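# Results of the structural survey
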Amino acid sequence: MIKKVSLSLLSVAALTLPFLFAIRGGSIAKGQQFFSKTDDVVSTTRGSGQPAGFDRAITANNTKMINDGRQIFRYDTFGDEAFWGDTIHLHQAIAGSANGGVGGGVSPKTALAVGLKVDADALPAGVVQGVQNGTISLDDPKTTLALLQLNAVVGLTGHFSSDGKITSLGIQCALCHSTVDDSFAPGIGHRLDGWPNRDLNVGAIVGLAPDLSAVDSLLGVSDATTRQVLASWGPGRFDAELFLDGKAFRPDGKTAAVLIPPAFGLAGVNLHTYTGWGSITYWNAFVAVLEMHGKGNFFDPRLDDPAQFPVAARNHTGHTTLPEDQDQVTPKLAALHDYQLSIPAPTPPAASFDAAAAARGDALFAGKGKCTSCHVEPLLTEPGWNMHTPTEVGIDSFQSDRAPDKRYRTTPLHGLFAHSKGGFYHDGRFPTLLDVVNHYDSFMTLGLSAGEKSDIVEYLKSL
Ligand code: HEC
Ligand code: HEC
């Protein structure tokens, strides 16, 4: 028995180690296919005639998929430097004219101020010391370049020439869907994958790029308009639908960008995004190809509708095809999917809510509040088709009309404490959880007392 266990561990190590070396060697950025097919996994354990053989293959496969998926989520650019670097030249704005780029450059202080995060685990001891004793300047864009060279800026990969000049830049999923625990300093700490970065000002960062003409022509607008739209997003927001329908502002004049959602606690949840575009893997392909501008195939004929998606229909966005040997996205979707399914929602600190009130709120959530009619426990979204018309949740249809099903997806509520910054609902229209509960109370005429409302809030904080 003991022999069998150690054998299976060995086979996991055998699968994982070459992969890790492949990463160190930097093959990921080149989009190499680095995970073996399930068939290979099966053949290593088959032949023993043991019924446990395939079970071991499943476990080994799972371990490998999660490890691969983590690397992809954190470090893979899917070849998108062709856009962020080679097309819009964002790396030049970061470098600044003193370092071969344009403008004043982006110092670490500025980078942190626009919400970029630094992975403390990627910093060598010398750098940590230098930051602490002030010999490394946080006001100099050169330091930002050095951090990029260390692969320490969460979600950004810089490419450098042999003489140390930055030549291009790519972005990763982690840019928007990871933050850090601030353990070293504000904005610098251990990675927290799946936590939305609600400090990140995507629009301000993209707006630094010297050449946005590719975006202007995609949207069919002037450069000034593109820059005005990017400046309107603000921290913690991004507008994935802008590049499909060209709608930058809501009828009330506010930005059409939505809050960056968590990428944790998603296992068991059917449809994803605020408006239920599809599964996790659907959306991963969508984002990697259409938003990050990674090199990959993407197929969705729903985008051919010129009335709902004029920009996408004009640009044939739903039919993005590349020869198989150039596709740097599709081979990674399986592991990326598995990894996100494995990221648990974080548990709120015990002291952050009143446990007795939360217990009362739990009963109200299922009882008088009627919340479980949609937020079905323990998933906190509906098993099945988890979508609602705007009138069913008492809000306007602006954002739901921008998606194929014209509905809102019931948000799974675990880990709310980790993304309270920026407010609640897709556009942050409710600044606090009490505002959310007040909305349901009046819209659904629940007749909740002030005490009951506050109990439900404590319950929400405990999730
Ligand atoms: C520029 C910021 C940004 C980047 C980069 C990004 N996302 Fe997102 N992500 C968003 C926003 C904003 C949404 C909400 C979209 C909507 O509902 O319209 C979202 C939605 C999601 C969702 C749905 C979450 C839910 O509650 O259903 C998942 C899963 C996700 N992203 C994963 C990824 C992965 C994986 C990558 C890398 C391939 C990625 N994202 C890259 C901003 C980003
Ligand atoms: C008819 C179905 C339905 C009912 C009933 C319902 N919800 Fe929701 N809930 C939704 C949908 C759909 C959303 C997403 C709305 C959006 O993002 O615009 C949501 C969003 C939320 C959010 C915001 C989550 C976030 O991350 O922004 C909270 C909190 C919430 N609901 C709590 C409750 C509570 C508490 C109740 C009971 C008083 C309740 N819901 C009843 C469907 C429902």
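Residues numbered from 1 in each chain as written. Chains lettered and ligands numbered in written order. Predicted model: local features only at pLDDT ≥ 70, side-chain atom pairs only at ≥ 80, totals over all residues.

### Some details on helix α12 (residues 223-233)
Residues of α12 that are buried: T226, V229, L230 and W233. What you see down the axis of α12 is that its buried residues fit within an arc of 95 degrees, all on one side. Structurally, α12 contributes buried residues whose contacts are with α10 (202-206), α11 (213-219) and β7 (237-238). Positive backbone phi, approximately 80 degrees, marks G234, located one or two places after α12. (Buried ≥ 20, exposed ≤ 12 C-beta atoms within 10 Å, placed from the backbone. Helix = DSSP H or I, 4+ residues; strand = E, 2+ residues; numbered from the N terminus. Arc of directions from axis to C-beta. Contact = placed C-beta atoms within 7 Å.)

### Considering the pairing of strand β2 (residues 156-160)
Where β2 lies against strand β3 (residues 166-171), 5 bridges are found, and the strand directions are antiparallel. Note on β3: the bridge partner recorded for H159 is S168. Connecting β2 to the next strand, β3, in antiparallel fashion are 5 residues, including G164 with a positive phi near 85 degrees. (Pairing = 2+ DSSP bridges.)

### Here we look at the site of ligand 2
The full set close to ligand 2 counts 25 residues, and G369, C371, C374, F424 and H426 are the nearest of them. Only α18 (390-393), α19 (433-443) and α20 (450-462) provide two or more residues apiece to the shell around ligand 2. Top element by residues in the shell around ligand 2 is α19. It accounts for 4 residues. Taken together, the residues of the shell around ligand 2 sort by class into 16 nonpolar, 7 polar and 2 charged. (Near = placed C-beta within 6 Å. Nonpolar A, V, L, I, M, F, W, Y, C, P; charged D, E, K, R; others polar.)

### Notes on the site of ligand 1
By nearness alone, 26 residues border ligand 1, and C173, C176, H272, T273 and Y274 come closest of all. Counting residues per element, the ones that place at least two in the shell around ligand 1 are α9 (174-177), α14 (280-291) and α16 (333-342). When residues of the shell around ligand 1 are assigned to their parent elements, the largest contribution, 5 residues, is made by α14. Broken down by class, the residue content of the shell around ligand 1 amounts to 19 nonpolar, 6 polar and 1 charged.

### Re the environment of K165
For K165, the location among the structural elements is in the loop between β2 and β3. C-alpha separation for the pair K165 and L145, spaced 20 residues apart in sequence, amounts to 8.7 Å.

### Here we look at α19
What α19 keeps buried is the set L433, V436 and V437. Within α19, the buried residues cover an arc of 95 degrees as seen down the axis, which keeps them to one side. Contacts from the buried residues of α19 go to α20. Phi turns positive, to about 40 degrees, at T445, one or two residues after α19.

### Thoughts on unusual backbone geometry
Geometrically, the link from E377 to P378 is a cis peptide bond, its omega value of 0 degrees lying close to zero. Along the chain, the position of P378 falls in the loop between α17 (355-366) and β11 (387-388). Of note, H89 is a non-glycine position whose phi angle comes to about 60 degrees, a positive value. Within the fold, H89 resides in the loop between α4 (81-84) and α5 (90-95). In the Ramachandran plot, D182 falls in the positive-phi region, its phi being about 60 degrees despite a non-glycine side chain. Tracing the sequence through the fold places D182 in the loop between β4 (178-180) and β5 (188-189).

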